[in-house]
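One letter stands for each residue in the lines below.
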Amino acid sequence: MNDIWFYTELGFSHVLDPNGYDHVLFLTALALPFSFGQWKKVFWLATLFTLTHCLSLALAAYGIVRVDAELVEMLIPVTILITALLNLYTADKAQASQKAFRLDLVVTGFFGLIHGLGFSNYFRMLMAEEEEKSGPLLGFAAGIEGAQLAVLLAVLALGYILLQWTPLTRKYYVWGFSLIIALISLKLIFF
């Protein structure tokens, strides 16, 4: 049981690590187009991201996948940039359509695989000492999910406050924050 708690805390701190803020940037970009009333869609996106992120980790823990860490570390900010650019493109369009949400699901699932691969080499080393891997994987997934939901709740709450109590429109809210995220991701890619 202590091992599961250790991995739950590790998953939680993995998302909220100030030195690895790329996870929070991606989640912020993911949630920006959605209103607080669309929290269920954001929940499903976060859960899918957790599942695909942990699928990459499981494949690494069981020795099925090995990746070039430098390539993946470059791809992670690319996923953030693409998400921010999609927000810039769709900020003035309705986010309510099922077709748009299906695209969000596909992109989020694929990007979850990439983000999981970014942590997979380290996670594989951690799991080398573990005889039973499913408990630690589930604990790690629970930690990731809890931290992600906290981040997404904060983003949705901030959006609600800014859009209710300032003259800011949804379009400019999404554009402004997505542009900032795009610029930060460019910095992460090139510097």
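All figures in this text were calculated on a predicted structure; none of them were measured in a lab.

Overview of a nonpolar patch on the surface
Then, in step 1: Residues Phe36, Leu153, Tyr160, Ile161 and Trp165 make up a contiguous nonpolar surface patch of about 560 Å² in total accessible area.
Then, in step 2: Take Leu153: it is sitting in helix α6 (residues 134-165).

Quick look at the side chain of Ser178
Then, in step 1: Looking at the secondary structure, you find Ser178 in helix α7 (residues 170-190).
Then, in step 2: Setting aside residues up to four positions removed in sequence, Ser178 forms contacts with Leu32, Ala84, Asn87 and Leu88.

A look at the packing of helix α2 (residues 22-31) against helix α4 (residues 69-90)
Then, in step 1: One way to put it is that α2 packs onto α4 with a least axis distance of 9 Å and a crossing angle of 20°. For the element pair α2 / α4, the angle class is roughly parallel. Seen from above, α2 lies across α4 with left-handed handedness. Packed against α2, whose contacting residues are Asp22, Leu25, Phe26, Ala29 and Leu30, the element α4 presents Ile76, Thr79, Ile80, Thr83, Ala84 and Asn87 at the interface.
Then, in step 2: Taken together, the residues of the contact of α2 with α4 break down into seven nonpolar, three polar and one charged.

A short note on helix α3 (residues 39-61)
Then, in step 1: With 23 residues, α3 should cover 33 Å at 1.5 Å per step; its first-to-last C-alpha distance of 32 Å lies within 8% of that length.
Then, in step 2: Note on α3: the residue one or two positions beyond its end, Gly63, has a positive phi of about 75°.

Some words on the environment of Gln164
Then, in step 1: Following the sequence through the fold, Gln164 ends up in helix α6.
Then, in step 2: A C-alpha to C-alpha distance of 21 Å links Gln164 and Lys41, two positions 123 residues apart in sequence.

So, the packing of aromatic side chains
Describing an aromatic ring pair means giving the distance of the ring centres and the angle of the ring planes.
Then, in step 1: Going through the model one piece at a time under the given rule, you end up with 13 aromatic pairs.
Then, in step 2: Their ring planes at 80° and their centres at 5.0 Å tell us that Phe6 and Tyr7 sit as a pair that is edge-to-face.
Then, in step 3: Aromatic pair Phe26 and Phe111: ring centres 6.1 Å apart, planes at 70°, arrangement edge-to-face. Taken together, the residues Phe26 in helix α2 and Phe111 in helix α5 (residues 98-127) connect sequence positions 85 residues apart.
Then, in step 4: For Phe111, a relative accessible area of 6% corresponds to the buried category.
Then, in step 5: Taken together, the aromatic side chains of Phe6, Tyr7, Phe119, Tyr122, Phe123 and Phe140 make up a single cluster linked through ring pairs.

Rules used throughout
Residues numbered from 1 in each chain as written. Predicted model: local features only at pLDDT ≥ 70, side-chain atom pairs only at ≥ 80, totals over all residues. Heavy atoms only, no water. Patch = residues over 30% accessible without salt bridge, like charges linked within 9 Å, V, L, I, M, F, W, Y side chains within 5 Å. Areas by Shrake-Rupley, 256 points an atom, 1.4 Å probe, with all protein chains shown as cover. Salt bridge = Lys/Arg side-chain N within 4 Å of Asp/Glu carboxyl O. Helix = DSSP H or I, 4+ residues; strand = E, 2+ residues; numbered from the N terminus. Contact = heavy atoms within 4.5 Å. Axes fitted to C-alpha atoms, helices over the stretch in contact; angles between N-to-C directions. Parallel < 35°, antiparallel > 145°, perpendicular 65-115°, else oblique. Left-handed = near helix turned anticlockwise from the far one by under 90°. Nonpolar A, V, L, I, M, F, W, Y, C, P; charged D, E, K, R; others polar. Expected span 1.5 Å × (residues − 1). Phe/Tyr/Trp six-rings, centres within 6.5 Å; stacked < 30°, edge-to-face > 60°. Buried < 20%, exposed > 50% of the residue type's maximum accessible area, 1.4 Å probe, protein only.

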